[in-house]
Amino acid sequence: MIDPKILADHNLTLEEYETIIRLIGREPNRTELGIFSVMWSEHCCYKSSKVHLRKLPTEGRHVIQGPGENAGIIDIGDGLAVVFKIESHNHPSFIEPFQGAATGVGGILRDIFTMGARPLALLDSLRFGPLGAGRNKAIMEGVVSGISSYGNSIGVPTVGGEVTFDPSYSLNPLVNVFCLGLARQDKIFYARAGQPGNQVLYVGSKTGRDGIHGATMASAEFGKETEHKRPNVQVGDPFKEKLLLEACLEVMDKNLIVGIQDMGAAGLTCSTTEVPAKSGLGLSFNLDLVPQREAGMTPYEIMLSESQERMLIVAEKGKVEEVRRVFAKWDLEAVVIGEITSGGRLVGTFGGRTEIDVPVEAVINRCPVYNRKFEPPARTAPRLDLESLPQPADLEAAFLRLLASPTIADKEWVFRQYDHMVQTNTILLPGADAAVLRIKGTAKAVAMTLDGNAAFAALDPRAGGRLAVAEACRNLTCVGATPIGVTNCLNFGNPEKPEVMWQFKEVIEGMAEACRAFSIPVTGGNVSFYNDTEGASILPTPVLGVVGLLEDAAKMVTPGFKAEGEVVMLLGRNGSELGGSEYLRAVHSREEGPCPGLDLSEEVKLQELCREASGRGLLRSAHDVSEGGLAVCLAECAFLGNRQIGCDLDFGEEMRTDVLLFGESQSRIVITLRPDDLDKLLGLARKKHVPAVILGETGGTDLVFHHQDREAVRVPVAEAYRAWKEALPEAFLIK
Amino acid sequence: MKFGVVVFPGSNCDYDAYHVLHSVLKQDTVFLWHKDLNLQGADCVILPGGFSYGDYLRSGAIARFSPLMREVAEFAERGGLVLGICNGFQILMEMGLLPGAMLRNKRLKFLCQFIHLRLEREGTAFTRLGRRGQVLRLPIAHYEGNYYAPPETLEEMERGGQVVFRYSDREGRLSDEANVNGALNSIAGIINRRGNVLGLMPHPERASEAVFGSQDGRLIFESLIKNWP
């Protein structure tokens, strides 16, 4: 019988091992065991999440490809499609921040161009521990330079994303990388084998010993010995990937190939099984022919290596020479390593002997699926008692402190390290509600945003899932885009803990409900479990990547005030809600709920109104109210125009001033408009039954907020700007 | 006028330059593959931005050995117009067509942002439509743009009016703060003595359409086009 230690090293249970024996009719050898262990890892086969992921809506009028492929695809008209996906690279980024993040970028780019799309934009959602503690600053510097180095070199702009902080990420940073590409609908490619006799080509970098068991590593908790796992992290070569990108797009454009699959997690194992499995065929190949970086590699190492910048291509025999010529033009090798067979088996020979002989279907489709036990935690989230929270005597100081909190402060220190303009499509630069890219040759633009508020999800996972979808859609709406598709990255702790599984289930159900309300399909995503180090889990962190479309790029709306003397209005209603707010955390060091309520039908109406108003050209600016509440939202509006412009506003609500200014009630958008357009807007708002309140007007050099006829806050825009602008550079001691 | 945009395997601003010349300015424009041996009759050769060969060694260090670059060197020798943008500028220095070298930015970070430039030299083939002292707003995107040249070279260049652009504030004043990458004498762009080879770190092709908030980059391309016989 098998040594339990070997099974433990492969993260397989005895039951799973027995299933493997049943499926292949004998005991697997070491290489075959390796194949099953990576393909059946949580990272590759979603064994704990599948039962819940099924609850997400995936259908929609414009969906060309939903979940199950390298990326989702949505029709945007004109014969074009957007191809997008998000992936986590959390574990490697903790072990080796620079390479971990860099190869995260490399991996998601391959997912996109494998399908025939030219990558147009990258976004990242990053979560770190507090900058003053432990290795957090070094981790953040490493992650940001890793992303910068890979994306800048390959020439895909990093146009946005989010960076937030919480102590739970200290030993487990989150690096979620999103990529969107543009494809012609008649040039979309999949992992397909065509017919028996087709040739299997290996292209790109040689296979080395790096990254062996990366997928398995991402499917287990970290302990103190994590340092030893450094060799499991791959090393990226963006130049090689650029060559691979151009060569792949060229063979696709010339219709030279039948199918293609990148070698990401689980490398050669994943590609040699997925390609034939999707066509109900087999694949037979010679491991000796796989280009290798070093001598003496075992079949086990060759199959499990996660060396970067590699692809598997299937081509008809007659086209192989032409494929080779294209790769040679880009100084890359394309080597025939085997062919497609009719048997339905993966057969690999090594040194003349058969080393691998397993049914591909067993590897791909027979992965065990678990409906793991879930249970709400015994201790419910603490609730805020407003009586026990004194209102700060100096609201202005609290406001400035909030602006300087790392989660809210300006992120230019991060995004100016990324080339966000290459390809000359970025018409709305980082820092706005969403990134917007024009589609050359059309009047259209695509908008993208990444969002997820882990503090809300920690207080109430179901609400957190709903709120994340609502906020992401609201961000797109603010720039004038209609949401068309969703991808998600779900970062959680150990799914074997019932309370983590409960968080996961609740988040999914919340997201599903919200996606249905907005009628947007989920076209794919990624689950990252086991974000636990030394027994402690991260906050449940759903990150939503939502893509929107602007039919007319000229109708784009930006967040900054445009001119003096314009009307400032609030669409939506100010609730008396302070739970889960950044103000509670940053100013009072308290993490209490409940998180803000959300009425999905109100939210949908609000967003429809905002898009209708921008479509009619009524909006001069629009900005979503989120972390930091109204005060921070308005400050950002004052900062983000071509020049700083103040405002003088009045609020009448009967509630505490700090709750009004800093509470994070949902379904609110601050807009400005020309005085002449006021009646038109009010008419629209009445028709849609959305509250629209005039707050005051733009102008002056101060941010002035009156509450119930009393001046509550007066801060010069320049001073607020300094607090917001300098917080991050100061944290890194760079002026 | 016919433009040729050189494509190295790691060029990534080649399409951007092509887009502005071909689709915005409606010029006859071709791509020139770095392994080819002729310039297809181009009147002006553009070396675009990017990471020509990955630039792991030193930006532009390998690109100069590309077969096409011998043609470009001879073309420049004969007085042909050559414009190097960002990585293209670095390659021109590696080839010896322009003096100096690039160090890493003063704060050792990649910088992508809009900056201001003061035009120092009017009347060249690349700046005929501008006037001395004029301030342009263009984006930069580089990690190695901290210009360096030995003191005697620098002095000779300054005397000979070879400095064409300097980093400045929006009013055209020079300062340490405006000199974001730490370049000697705030140098952002230089020209050879003969006046036919220009290199600059900022990206004019990223600021040649209204949608980007600045069209100042057109000054360079349109100077070339409008004065072509």
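All values reported here derive from a predicted model rather than from experimental measurement. (Residues numbered from 1 in each chain as written. Chains lettered and ligands numbered in written order. Predicted model: local features only at pLDDT ≥ 70, side-chain atom pairs only at ≥ 80, totals over all residues.)

Peer 1: Honestly, the overall build of chain A in this entry has me stumped. Any pointers?
Peer 2: Helix and strand content of chain A: 25 helices and 28 strands. For chain A, the C-alpha radius of gyration of 26 Å lies close to 27 Å, the compact-globule estimate for 735 residues. Overall, chain A is about 90 × 55 × 45 Å in size when its C-alpha atoms are taken along their principal axes. Relative to its 735 residues, chain A shows a buried fraction of 61%. Taking all contacts inside chain A whose residues are at least 6 apart in sequence as the whole, residues at least 24 apart take part in 84%. (Helix = DSSP H or I, 4+ residues; strand = E, 2+ residues; numbered from the N terminus. Rg over C-alpha atoms; globule rule 2.2 N^0.38 Å. Buried ≥ 20, exposed ≤ 12 C-beta atoms within 10 Å, placed from the backbone. Contact = placed C-beta atoms within 7 Å.)

Peer 1: Is there a simple way to explain the overall build of chain B in this structure?
Peer 2: A tally of helices and strands in chain B yields five helices and 11 strands. For 229 residues, the compact-globule formula gives about 17 Å, and the C-alpha radius of gyration of chain B, at 16 Å, lands near that figure. Taking the principal axes of its C-alpha atoms as reference, chain B extends roughly 45 × 35 × 35 Å. When each of the 229 residues of chain B is scored for burial, the buried share is 55%.

Peer 1: Is there a simple way to think about the nonpolar core in this case?
Peer 2: Most often, soluble globular proteins have nonpolar side chains that are buried together. Core analysis: the biggest nonpolar cluster contains 313 residues, and M39(A), L403(A), A447(A), V479(A) and L571(A) have the highest contact counts within it. Other than its neighbours up to four places away in sequence, V479(A) contacts L428(A), A432(A), D433(A), A434(A), V436(A), A447(A), M556(A) and V557(A). (Core = buried A, V, L, I, M, F, W, Y, C linked by C-beta atoms within 7 Å.)

Peer 1: What is the right way to look at the sheet that holds strand β2 (residues 72-77) of chain A in this model?
Peer 2: In a beta sheet, neighbouring strands pair by backbone hydrogen bonds and run either parallel or antiparallel. All names here are of chain A. On the basis of which strands lie adjacent, the open sheet formed by six strands has the order β1-β2-β3-β6-β4-β5 and mixed pairing. Only two strands of the sheet have a single partner each, and these edge strands are β1 (63-65) and β5 (158-165). Recorded for the sheet is a direction-independent mean angle of 20° between the axes of neighbouring strands. Relative to strand β3 (residues 80-88), β2 is paired through five bridges, and the arrangement is antiparallel. Paired with I73 across the two strands is V83, which belongs to β3. (Pairing = 2+ DSSP bridges. Axes fitted to C-alpha atoms, helices over the stretch in contact; angles between N-to-C directions.)

Peer 1: Just to check I follow, could you spell out the packing of helix α22 (residues 629-639) of chain A against helix α25 (residues 717-731) of chain A for this structure?
Peer 2: Each pair of packed helices can be summarised by the angle the axes make with each other and by the distance between the axes. Residue and element names in this part refer to chain A. Following both chains from N to C, one finds α22 and α25 inclined at 100°, their axes separated by 10 Å at the closest point. Here α25 runs roughly perpendicular to α22, going by the angle between their axes. Taking contact as the criterion, the partners of A635, A638 and F639 in α22 are, on α25, V717, A720, Y721 and W724. When its residues are assigned to classes, the contact of α22 with α25 shows seven nonpolar, no polar and no charged. (Parallel < 35°, antiparallel > 145°, perpendicular 65-115°, else oblique. Nonpolar A, V, L, I, M, F, W, Y, C, P; charged D, E, K, R; others polar.)

Peer 1: Explain the interface of chain B and chain A to me, please; I cannot follow it from the model alone.
Peer 2: Interfaces are often sized by the accessible area lost when the parts come together. Taken together, the contacts link 21 residues of chain B with 23 residues of chain A. The greatest single-element share of the side of chain B that touches chain A, amounting to three residues, is contributed by strand β6 (residues 111-119) of chain B. Residues of the side of chain B that touches chain A, tallied by class, amount to 10 nonpolar, six polar and five charged.

Peer 1: Mind showing me how you'd approach the sheet that holds strand β25 (residues 669-673) of chain A here?
Peer 2: Residue and element names in this part refer to chain A. Judged by pairing direction, the sheet is mixed, and its seven strands sit side by side in the order β23-β25-β22-β26-β24-β27-β28 without closing on themselves. One side of each edge strand has no neighbouring strand; the edge strands of this open sheet are β23 (621-624) and β28 (710-716). Between one strand axis and the next, the sheet turns through 20° on average, direction left out of account. In terms of strand pairing, strand β22 (residues 567-571) meets strand β26 (residues 692-698) through five bridges, oriented antiparallel. Note that in β26 the partner of L571 across the bridge is A692. The sheet contacts of helix α18 (residues 461-479) involve β23 and β25, and relative to β23 the element is tilted by about 170°. Strands β22, β23 and β25 of the sheet are contacted by helix α21 (residues 600-615), whose axis makes an angle of about 150° with β22.

Peer 1: Looking at this structure, I do not really get the pairing of strand β3 (residues 44-47) of chain B. What am I missing?
Peer 2: Along a regular strand, successive side chains alternate from one face of the sheet to the other. Residues and elements named next belong to chain B. Residues of β3 alternate between two faces, with C44 and I46 on one and V45 and L47 on the opposite face, all of them buried. Judged from the four bridges that link them, β3 and strand β4 (residues 81-85) form a sheet pairing that is parallel. Opposite C44, over in β4, you have L81 as the bridge partner. In this fold, the crossover linking β3 to β4 by way of helix α2 (residues 67-77) has right-handed handedness. (Right-handed = clockwise from strand over helix to strand, strands pointing away.)

Peer 1: Even after reading the chapter, I still don't get the pairing of strand β8 (residues 259-262) of chain A, so can you show me in this structure?
Peer 2: Residue and element names in this part refer to chain A. Side-chain alternation along β8 places G259 and Q261 on one buried face and I260 and D262 on a second face that is also buried. As judged from the four bridges shared by β8 and strand β10 (residues 310-315), these two strands associate in the antiparallel manner. Note that in β10 the partner of Q261 across the bridge is L312.

Peer 1: What should I look at first to understand the environment of N181(B) in this one?
Peer 2: All names here are of chain B. Structurally, N181 can be placed in the loop between β9 (163-168) and β10 (187-191). Sequence separation between N181 and R107 is 74 residues; the distance between their C-alpha atoms is 7.4 Å. Here N181 is in contact with N105, K106, L111, G145 and N146, once residues within four sequence places are set aside.

Peer 1: Where do I start with α21(A) in this structure?
Peer 2: Three or four residues apart is the spacing at which side chains of an α-helix point the same way, because the helix has 3.6 residues per turn. Residues and elements named next belong to chain A. Its 16 residues give α21 an end-to-end C-alpha distance of 22 Å, which sits within 8% of 22 Å, the value for a rise of 1.5 Å per residue. Residues of α21 that are buried include every one of E603, L606, Q607, L609, C610, R611, A613 and S614, and no others. Buried residues along α21 sit against α18, β17 (482-491), β22, β23, β25 and α24 (678-688). (Expected span 1.5 Å × (residues − 1).)

Peer 1: Where do I start with the environment of V290(A) in this structure?
Peer 2: All names here are of chain A. With respect to the element layout, V290 can be found in the loop between β9 (282-286) and α12 (299-304). When the 22 C-beta atoms within 10 Å are taken as the criterion, V290 is described as buried. Along the chain, V290 and A121 lie 169 residues apart, while their C-alpha atoms are 32 Å from each other. V290 has contacts with Y202, T207, L268, I302 and I337, leaving out every residue within four places of it along the chain.

Peer 1: I'm lost on the confidence of the model for chain B in this one. Help?
Peer 2: Regions with low pLDDT carry predicted coordinates that are not meant to be interpreted in detail. Mean pLDDT over chain B stands at 96; residues scoring 70 or higher make up 100%. Scored as a complex, the prediction yields pTM 0.96 and ipTM 0.97. (pLDDT = per-residue confidence, 0-100.)

Peer 1: I would appreciate a short explanation of unusual backbone geometry in the present structure.
Peer 2: In most cases, non-glycine residues show a negative phi, while peptide bonds are predominantly trans. All names here are of chain A. The omega torsion of the bond from G593 to P594 falls at -5°, within 30 degrees of zero and hence cis. A positive phi angle, close to 55°, is found at N11, a residue other than glycine. For N11, the location among the structural elements is in the loop between α1 (4-9) and α2 (14-24). Despite not being glycine, D709 has its phi angle at roughly 70°, a positive value. In this structure, D709 sits in the loop between β27 (702-707) and β28. We classify D709 as exposed; it has 8 C-beta atoms within 10 Å.

Peer 1: I'm lost on the packing of helix α7 (residues 97-113) of chain A against helix α10 (residues 238-253) of chain A in this one. Help?
Peer 2: Residues and elements named next belong to chain A. Relative to each other, α7 and α10 sit at 5°, their axes nearing to 11 Å. The angle between α7 and α10 places the two elements in the roughly parallel class. On α10, the residues that touch G106, L109 and F113 of α7 are P238, E241, L245, C248 and L249. The residue makeup of the contact of α7 with α10, split by class, is six nonpolar, one polar and one charged.

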